[in-house]
Amino acid sequence: MELVERQPLLDQLDGLVSTAATGDGVMAVIGGEAGAGKTSVVRAFAEQVDGAVRVLAGGCDALSSPRPLGPLYDIAREMDGPIRSLLRAPSRRADVFEAVLDSLSSTTVALIIEDAHWADDATLDLLRYLGRRIDRTRSLLIVTYRDDEVSGKHPLRIVLGDLATSRAVHRLKVDLLSPAAVRAMAAGSAVDPDDLHARTDGNPFYVTEVLASGGASVPPTVRDAVLTRTSRLSPAGRAALDAAAVIGNRIEPWLLQTVAGEHARAVDESLEIGLLQPAGDMLRFRHQLGQDAIYDALSPLRRAELHAVVLDALRTRVTTVADYPRLAHHADAAGNADAVLDYAPEAGDRAAALGAHREAAKQYERALKYADRLPLERRRNLLERWFPESFATGTLGECSECAQQLIDINHRLGNVEGEGNWHAFLAWTLVHEGRNSEADAAVERAIALLENQPPSAVHAHAWQTQARLRMLNRDYDQSITWAQRAIELATQFELPRIHTGALNAMGSSRLIGLDEEQGRTDLERGLELARQHGLDTEIASLLTNLGSGHGEIYRFAIAERYLTEGITFARERDLDGWLWYLTAWLALTRLFQGRWEESADLASSVLQTPAADIISVIMAELAVGRVRARRGDPDVWPALDNALELSIPTKTLQRLAPTHAARAEAAWLAGNTARTIEEARAVYDLAAAYRHPWHIGELGYWRWKSGDLNHQPDDSAEPYALQIAGDWLAASRAWAALGCPYESARALAESDDENALREAFATFDQLGARPMAAHTAQRMRDLGVTTIPRGARPSTRANPARLTAREQDVLALIAEGLTNKAIATRLFISPKTVERHVTSILDRLDVATRQDAVQ
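Glancing now at the overall build of the protein chain. Regarding its fold elements, the protein chain presents 47 helices and eight strands. Compactness check: the protein chain gives a C-alpha radius of gyration of 31 Å against a globular reference of 29 Å for 855 residues, within 12% of the reference. Once the C-alpha set of the protein chain is aligned to its principal axes, its extents read approximately 95 × 75 × 50 Å. The buried share of the protein chain, reckoned over its 855 residues, is 57%. Pairs at least 24 apart in sequence give 64% of the contacts found in the protein chain among residues at least 6 apart. Counting only carbon and sulfur atoms, one obtains 48% of the accessible surface of the protein chain, whose full area is about 35,000 Å². With 93 positive and 117 negative side-chain charges, the protein chain shows a separation of 1 Å between the mean positions of the two kinds.

Shown next, in the form of structure tokens:
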């Protein structure tokens, strides 16, 4: 059927491929609901440019565990360069990606990847990689996906968010059909076009199905529409279609003939009614929904029988590990345990090597369903392969269960070293779940088990784990002792990853609690070692601890340097697991630096990310809560309540002290003295026991402000000690030296000096700190000051458009010609946050374009 209302979209694609041909490559992301006609559009485009541009097309499969880099296998034989050989060999994923990019750079290519909502992790990483670099090529990358199946937490949604503001990435939409389009399609039929549009909402698939069925009622689901059409097939035709549904969306003729036998030729009936269509030298379902409907209509027994036939046929022709995911899929559906155990682990290994952690975990899980029939050694091996992949996908509860199973298996096998090793791994999973007390018990058990064993790499792993746990708990001396022991073994057995991890624990302990300079030296030494060995995750971890550690001791200028370096490093290597904690701590750093809008933006970008871990969420919520409290904004307590709820299970000073301090401050600003005392007392004794000067100082300060403490606490950090001692001027200077304008003004606000109070008021007013500005104004009134400042901001008067400081920053970068993505990178915020600022700027300036705003 002729396409209607799609020419504007085709013209857009034609313009994009012309742009790409000039050397300015483009990525077009085409979304639309199921049945909207995305495939029809890209195929029409391919026909339109055929001969002028080389077209390559591949697609993602709707397997329960998709084949890693499946689209590349579809097009590899037609691409230039070593891509086919790299895919056959156990190559590094980076080499494959670079080869694809080179292929797209040599000549003008239209590369089409369909159905990205089914993409595996490796393919998603490929899209992210190409999207960030496509502008260096002469090619057009077209990606289609079902936007009604991509929720906020869908992996593809995160990729699209990462690429959303790139100049080279264009988002296109296949809209539903208008009533006029449906009337044109229904011309010559007996179907009432207006009623048809009302009942289908203009979905091209539904419209086409109803028209193809001769005007039958529109079914409530696509399944009903497809099954209505299948009723026109002969028994042989239905048998062939059933076999095709089990084979998959791409059907090799030889395989269909093997599975359907004598009925295979009747597949032409399905081609005639449009359920199937040719796809090169294969067949495919016109819509995946059609395949799903037919597959679901099969009885479980018939499905299993057909999957068994497909499996046997494939095993006679398939010889490469790249097809093992498909074999494992059919073996599992057929209930063939032996075949699952043959193919799924190998498929998992292949996915893991390509960085497709989610698919690797699914394949190992598929094999683990039948693991009870394996000897203990093979079961242990399978669990050991599954654990890191599951950990990478964030299924921490399952990881803890896996580690416990491995502990039990090693115990039954009499492998004391293995049992101890997995107690150490269990400790790490428990830490990430916020169950620190249980983690401590697990690592103690690991060390006890290994005590009488000859020294080995496993000892080094356990000791490094203990060093890190002790550091997290702020047991500084113990952490250093364990780290030194781990370093000795790491040096002996040449274990650079464990060596850098131990330096990380030791340096962090010294930096935060014992010797700032020595701690920084240790951490820098670890950073150098990690860089020498190319240990990207350890580099990110060390930069994170250097940034957050300096932040915890209020060295915010130094913290900012490491945090921004870490964010850049993590972004360049797609190490999003580290990115969120780095960003959360930069948000806290900006808070204390008085850059509150930036702090809120950074924290929001973390909280908007479904993949952010618990500790990142805690620190981001603290930044949000403190900014809101200091500005007098609403919704202070939801953020701080969530931070407390997440912090309590950790039972660590590291999380509880800043959480209760933030809550004490919010209570004091709200005038709730009793709650201020309650929050400040909650972990004060714990901070004193660990002699943490900054936590002692802040919690003691809020107790003093509320009349619950009348003396200077021992071991208090200097600025807080000066304030409690009544030396407001020295305290203000100390805070200013640390780059903390709000705290500096707060110290001035505790004086009886009119000039100091006016200076404090001006700072609060400039920051937007309404509660403290009001408090300071009232203090001046109480002291008899007759002329109280009104609080008109010079920055506001000088800015007739009333842009905020953050909006002025964004506008300045727009004037430099930066895209939203580039602005996000420069300001360390999310592209979505930049988009919000740009919208606000255009609204405030009452202009329609970025160019008008700059002018």
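Past the structure itself, the notes keep going.
Before going further, it helps to spend a moment on the pairing of strand β3 (residues 109–114). Of all six residues making up β3, six are buried, and the element is well covered by its neighbours. Residues Val 109, Leu 111 and Ile 113 point to one face of β3 and Ala 110, Ile 112 and Glu 114 to the other, with burial holding for every one of them. Alignment of strand β2 (residues 54–59) against β3, held across six bridges, turns out to be parallel. Bridge assignment links Ala 57 to a residue of β3, and that residue is Ile 112. In the sheet, β3 pairs with strand β4 (residues 140–146) via four bridges, with the strands oriented parallel. Considered in β4, the bridge of Ile 112 is made with Ile 142. Handedness of the crossover joining β3 and β4 through helix α6 (residues 121–133) is recorded here as right-handed.

Right, let's get into the packing of helix α31 (residues 596–607) against helix α44 (residues 805–815). Axis separation between α31 and α44 bottoms out at 8 Å; the angle between their running directions is 75 degrees. It follows from the interaxial angle that α31 and α44 lie roughly perpendicular. Facing Glu 597, Glu 598 and Asp 601 of α31, the residues of α44 in contact are Ala 805, Arg 806 and Asp 809. In terms of residue class, the contact of α31 with α44 is built from one nonpolar, no polar and five charged.

Before going further, it helps to spend a moment on the sheet that holds strand β5 (residues 169–173). The strand order across the open sheet built from five strands is β2-β3-β4-β1-β5, with neighbouring strands paired in parallel fashion. Of all the strands in the sheet, just β2 and β5 have a single pairing partner and so form its edges. The mean inter-strand angle of the sheet, taken between neighbouring strand axes irrespective of direction, is 20 degrees. Alignment of strand β1 (residues 26–32) against β4, held across seven bridges, turns out to be parallel. Directly across from Gly 32, in β4, lies its bridge partner Arg 146. Contacts from helix α2 (residues 38–49) reach β1, β2, β3 and β4 within the one sheet, and its direction differs from that of β4 by about 160 degrees.

Turning our attention to empty space enclosed by the protein. Taken as a whole and judged by the stated rule, the model has five cavities of 30 Å³ or more. Here the largest cavity is characterised by a volume of approximately 220 Å³. Every residue lining the largest cavity is counted, 17 residues in all, and those nearest its centre are Trp 585, Phe 592, Arg 626, Pro 658 and His 695. Elements with a minimum of two residues in the lining of the largest cavity: α28 (536–552), α30 (576–592), α32 (614–631), α34 (653–669) and α37 (693–705). Looking at side-chain class alone, the lining of the largest cavity contains 10 nonpolar, three polar and four charged residues.

Position of Gln 277 relative to the elements: it lies in strand β7 (residues 276–279). Setting aside chain neighbours within four positions, we find Gln 277 in contact with Arg 43, Leu 271, Met 282, Leu 283, Arg 284 and Arg 286.

Attention now moves to the packing of α28 against helix α29 (residues 556–572). For the pair α28 and α29, the least separation of the axes is 7 Å and the interaxial angle reads 155 degrees. With respect to α29, the element α28 is oriented roughly antiparallel. The hand of the α28/α29 crossing is left-handed. Seen from α28, the contacting residues are Asp 536, Ile 539, Ala 540, Leu 543, Leu 546, Gly 547, Ser 548, His 550 and Gly 551; seen from α29, they are Phe 556, Ile 558, Ala 559, Tyr 562, Leu 563, Glu 565, Gly 566 and Phe 569. Class assignment for the residues of the contact of α28 with α29 results in 10 nonpolar, five polar and two charged.

Moving on: the nonpolar core. What tends to happen in soluble globular proteins is that the nonpolar side chains get buried as a cluster. Residues Leu 69, Leu 72 and Leu 256 are the most contacted members of the largest nonpolar core, which totals 138 residues. Every residue in contact with Leu 69, bar those within four places of it in the chain, is listed here: Leu 87, Val 96, Phe 97, Asp 120, Ala 122, Thr 123, Leu 126 and Leu 354.

Below, the discussion takes up the packing of aromatic side chains. In the structure shown here, the tally under the stated rule is 20 aromatic pairs. Both rings, one in Phe 97 and one in Tyr 129, keep their centres 5.4 Å apart while their planes meet at 50 degrees; by these two values the pair is tilted. Of this pair, Phe 97 sits in helix α5 (residues 93–106) while Tyr 129 is found in helix α6, placing the two residues 32 residues apart along the sequence. Seen in terms of ring centroids, Trp 668 and Trp 702 are 5.8 Å apart; in terms of plane orientation they differ by 45 degrees. Their pairing is tilted. With Trp 668 in helix α34 and Trp 702 in helix α37, this residue pair connects regions lying 34 residues apart in the sequence. Here Trp 668 and Trp 702 have matching classes, each one buried. Of the aromatic side chains, those joined through ring pairs into one cluster are Tyr 554, Phe 556, Phe 592, Trp 668, Trp 694, Tyr 701, Trp 702, Trp 704, Tyr 720 and Trp 735.

Each strand in a sheet pairs with its neighbour through backbone hydrogen bonds, running either in the same direction (parallel) or in the opposite one (antiparallel). Overall, antiparallel pairing links the three strands, which are arranged β6-β8-β7 in an open sheet. Two strands in the sheet have a free side with no partner beyond their single neighbour: β6 (250–251) and β7. Across four bridges, β7 lies against strand β8 (residues 282–285) in antiparallel orientation. Note on β8: the bridge partner recorded for Leu 276 is Phe 285.

Within the secondary structure, Thr 583 is located in helix α30. In this structure, Thr 583 is in contact with Ile 567, Leu 602, Ser 605, Val 606 and Phe 828, ignoring residues within four places of it in sequence.

What follows concerns helix α17 (residues 324–334). Counting buried positions over the 11 residues of α17 gives nine, a clear majority of the element. Restricting attention to buried positions, one finds in α17 the residues Tyr 324, Pro 325, Arg 326, Leu 327, Ala 328, His 329, His 330, Ala 331 and Asp 332. Residues of α17 that are buried make contact with α12 (235–247), β6, α13 (253–260), α16 (300–317), α18 (337–353) and α19 (357–368). One or two residues past the end of α17 sits Gly 335, with phi positive at roughly 75 degrees.

Phi is positive for Asp 115, close to 60 degrees, though the residue is something other than glycine. With respect to the element layout, Asp 115 can be found in the loop between β3 and α6. One non-glycine residue, Glu 494, lies in positive phi territory at about 55 degrees. Within the secondary structure, Glu 494 is located in the loop between α25 (476–493) and α26 (496–514).

Quick look at the pattern of salt bridges now. One pass over the structure, following the stated rule, counts 50 salt bridges. The salt bridge involving Asp 601 is made with Arg 806; its shortest N-O contact spans 3.3 Å. Placement of the pair is Asp 601 in helix α31 and Arg 806 in helix α44, with a sequence separation of 205 residues.

This paragraph deals with the confidence of the model for the protein chain. Considering every residue of the protein chain, the mean pLDDT works out to 88; 94% of them sit at 70 or more. Scored below 50 in pLDDT, residues 792–798 makes six contacts in the model with residues more than four places away or belonging to other chains.

Reading the values: rules and limits
- Residues numbered from 1 in each chain as written.
- Predicted model: local features only at pLDDT ≥ 70, side-chain atom pairs only at ≥ 80, totals over all residues.
- Heavy atoms only, no water.
- Helix = DSSP H or I, 4+ residues; strand = E, 2+ residues; numbered from the N terminus.
- Rg over C-alpha atoms; globule rule 2.2 N^0.38 Å.
- Buried < 20%, exposed > 50% of the residue type's maximum accessible area, 1.4 Å probe, protein only.
- Contact = heavy atoms within 4.5 Å.
- Areas by Shrake-Rupley, 256 points an atom, 1.4 Å probe, with all protein chains shown as cover.
- Lys, Arg positive; Asp, Glu negative; His and termini not counted.
- Charge placed at Lys NZ, Arg CZ, Asp CG, Glu CD.
- Pairing = 2+ DSSP bridges.
- Right-handed = clockwise from strand over helix to strand, strands pointing away.
- Axes fitted to C-alpha atoms, helices over the stretch in contact; angles between N-to-C directions.
- Parallel < 35°, antiparallel > 145°, perpendicular 65-115°, else oblique.
- Nonpolar A, V, L, I, M, F, W, Y, C, P; charged D, E, K, R; others polar.
- 1 Å grid on protein atoms, 1.4 Å probe; cavity = no way out; pocket = protein on both sides within 12 Å on 5 of 7 lines; lining within 4 Å.
- Points joined across faces, edges and corners; volume = space filled by probe spheres on them.
- Left-handed = near helix turned anticlockwise from the far one by under 90°.
- Core = buried A, V, L, I, M, F, W, Y, C linked by side-chain atoms within 4.5 Å.
- Phe/Tyr/Trp six-rings, centres within 6.5 Å; stacked < 30°, edge-to-face > 60°.
- Salt bridge = Lys/Arg side-chain N within 4 Å of Asp/Glu carboxyl O.
- pLDDT = per-residue confidence, 0-100.

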